[in-house]
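Structure at a glance
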Amino acid sequence: MSLILDNIIQHLHHANELHEHTLEAQLTEPLRALQHWQTKRLLATHQNLWQNKRFRPAMGFFIDELYGPKDFSQRDQELARVVPKMAKIIPKQALESLEAALRLNSLSLALDIALTEHLNAAPVNRESYALAYVKCDNQAQREEQIVLLERLGVDLADVVKIKGISTLLMLSRKPAKMAGVESLHQFLESGFKAFKKLGNVDEFIQPIITRERALKNALFAQQAPNPLPEFEA
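A brief structural summary.

Conventions and cut-offs
- Residues numbered from 1 in each chain as written.
- Predicted model: local features only at pLDDT ≥ 70, side-chain atom pairs only at ≥ 80, totals over all residues.
- Heavy atoms only, no water.
- Helix = DSSP H or I, 4+ residues; strand = E, 2+ residues; numbered from the N terminus.
- Contact = heavy atoms within 4.5 Å.
- Areas by Shrake-Rupley, 256 points an atom, 1.4 Å probe, with all protein chains shown as cover.
- Buried < 20%, exposed > 50% of the residue type's maximum accessible area, 1.4 Å probe, protein only.
- Polar contact = N/O pair within 3.5 Å; in protein donor to acceptor, adjacent residues only side chain to side chain.
- 1 Å grid on protein atoms, 1.4 Å probe; cavity = no way out; pocket = protein on both sides within 12 Å on 5 of 7 lines; lining within 4 Å.
- Points joined across faces, edges and corners; volume = space filled by probe spheres on them.
- Nonpolar A, V, L, I, M, F, W, Y, C, P; charged D, E, K, R; others polar.
- Expected span 1.5 Å × (residues − 1).
- Phe/Tyr/Trp six-rings, centres within 6.5 Å; stacked < 30°, edge-to-face > 60°.
- Lys NZ or Arg CZ within 6 Å of the ring centre and 35° of its normal.

Notes on the overall build of the chain
A tally of regular secondary structure across the chain gives twelve helices and zero strands. For the chain, the N- to C-terminal ordering of α and β elements is α-α-α-α-α-α-α-α-α-α-α-α. Contacts in the chain between residues at least 24 apart in sequence constitute 81% of all its contacts with a sequence separation of at least 6. Within the structure as shown, the chain displays about 12200 Å² of accessible surface, and the carbon and sulfur contribution to it stands at 53%.

Listed below in C-alpha cells is the structure:
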C-alpha cells in the first residue's frame, strides 16, 4: 500500500513541476489550444463510441478528466494534502485506479508540452500536429500512455464492482467538501458513474487501444496519406 501512495506523491510532484514549467515558458495558451484540438481529434477517431449511449459517459470521463484542456492543479493540491490518510479511507483497488489516472495525467501533460514546444507557435492542424508528433521522438512514452489508458479502463471497471462503493462515495460527498477536497471527490465519483453501467469494459476500451496504437505507429512511420482524421477544428 505504501508503494501506491509513494507513486501517487511522485506523480503529483511531476505534474506540479510541469505546471510550473508551463507558466515559466509562457506555454499556457498554446498548450490549451493543442489540448482543445486533441479533444476534437479523439472524438473524431472514436465517433462511434461517442455516439453510443452506453459508452458516452466513459468517453466523456477520459476526455474531461484526463485529456482535455482542464486545469487539474486544484485537484492535485487537494490530493497532496490527504495522501497520508488515503489508505485508511479508500479501498486499495480505488487507490490503484487513482494512481494509474495520475500517472496517465502527468505523462499526457508532459507529452502535450513537448508537442507544444515542437509546434513552435504554429497553428495546430493535421499537418503541423503530425510533424511535431514525429519530431518529439518519444515512441516509448506514447506506448506507455496507451498501456496506462488500457490499465485505467480495466481498473475502473473493477472498482465499480467493490461492494458498497456507491454508498461510500455518496456518504463522503459532504465530508469531502468540508475537508476541502471536493474536486478530488468529484473526480472519483465521475469515474465511478461513467463506468458503473459500462458492462463489458473490453468492448469499450479495446477499440480505443487498437485505434490509438495504430495511429501512433502510422504517425511515427510517417505513412502517407496523413493518418489523422479530418474534422472541423
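Remarks on the side chain of Lys 216
Looking at the element boundaries, Lys 216 is found in helix α12 (residues 202–220). Relative accessible area serves as the criterion here: at 7%, Lys 216 is assigned to the buried category. A polar contact is formed between the side chain of Lys 216 and the side chain of Glu 143, at a distance of 2.8 Å. Every residue in contact with Lys 216, bar those within four places of it in the chain, is listed here: Tyr 133, Arg 142, Glu 143 and Ile 146.

As for empty space enclosed by the protein
By rolling a water-sized probe across the atoms, one finds the places where empty space is left. Counted under the stated rule, the structure contains one cavity of 30 Å³ or more. Of the volumes computed, that of the largest cavity is approximately 330 Å³. Around the largest cavity sit 21 residues that line it, and Arg 41, Leu 42, Tyr 67, Gln 145 and Glu 212 are the ones nearest its centre. Within the residue set of the lining of the largest cavity, elements represented by two or more residues are α2 (28–45), α4 (56–67), α7 (126–136), α8 (139–159) and α12. At five residues, the largest contribution of residues to the lining of the largest cavity is made by α12. Its residues assigned to classes, the lining of the largest cavity shows 13 nonpolar, three polar and five charged.

What to know about α8
Counted at 1.5 Å a residue, the expected span for α8 with its 21 residues is 30 Å, and the 30 Å between its end C-alpha atoms agrees. Within α8, the full set of buried residues consists of Arg 142, Gln 145, Ile 146, Leu 148, Leu 149, Leu 152, Gly 153, Asp 155, Leu 156, Ala 157 and Val 159.

Quick notes on the environment of Asp 158
Looking at where Asp 158 falls in the secondary structure, it is placed in helix α8. The exposure class of Asp 158 is partly exposed, given its relative accessible area of 30%.

Points about the packing of aromatic side chains
Under the defined criterion, the tally for this structure stands at seven aromatic pairs. The interplanar angle of 35° and the centroid separation of 6.0 Å between the aromatic rings of Tyr 129 and Tyr 133 together place this pair among those described as tilted. One end of the pair, Tyr 129, and the other, Tyr 133, are both in helix α7, four residues apart, so they sit about a helical turn from each other. Exposure remark for Tyr 133: the relative accessible area of 6% places this residue in the buried category. A connected cluster of aromatic rings, assembled from ring pairs, spans Trp 37, Tyr 129, Tyr 133, Phe 220 and Phe 231. Residue placement shows Arg 56 over the ring face of Trp 50; its charged tip is 3.9 Å from the ring centre.

Section: the layout of surface pockets
Roughly 220 Å³ of volume is contained in the second largest pocket. Lining the second largest pocket are 18 residues, with His 19, Leu 31, Arg 32, Asp 71 and Leu 109 sitting closest to its centre. Listing elements by their share of the lining of the second largest pocket, those giving two or more residues are α1 (2–24), α2, α4 and α6 (92–119).

Considering unusual backbone geometry
What you tend to see is this: most non-glycine residues have negative phi, and most peptide bonds are trans. Omega for the bond connecting Ala 224 with Pro 225 falls within 30 degrees of zero, at 0°, which places this linkage in the cis form. Among the secondary structure elements, Pro 225 is positioned in the segment after α12. At Gln 26, a residue that is not glycine, the phi angle is positive and equals roughly 55°. Tracing the sequence through the fold places Gln 26 in the loop between α1 and α2. Judged by relative accessible area, Gln 26 falls into the exposed class, the value being 68%.

Overview of α7
The set of residues buried in α7 consists of Arg 126, Ser 128, Tyr 129, Ala 130, Ala 132, Tyr 133 and Cys 136. Contact partners of the buried residues in α7: α2, α6, α8 and α12. The backbone nitrogen of Glu 127 has a side-chain oxygen 3.1 Å away, supplied by the residue at the start of α7, namely Asn 125. Directly beyond the C-terminal end of α7, a positive phi value near 50° is found at Asp 137.

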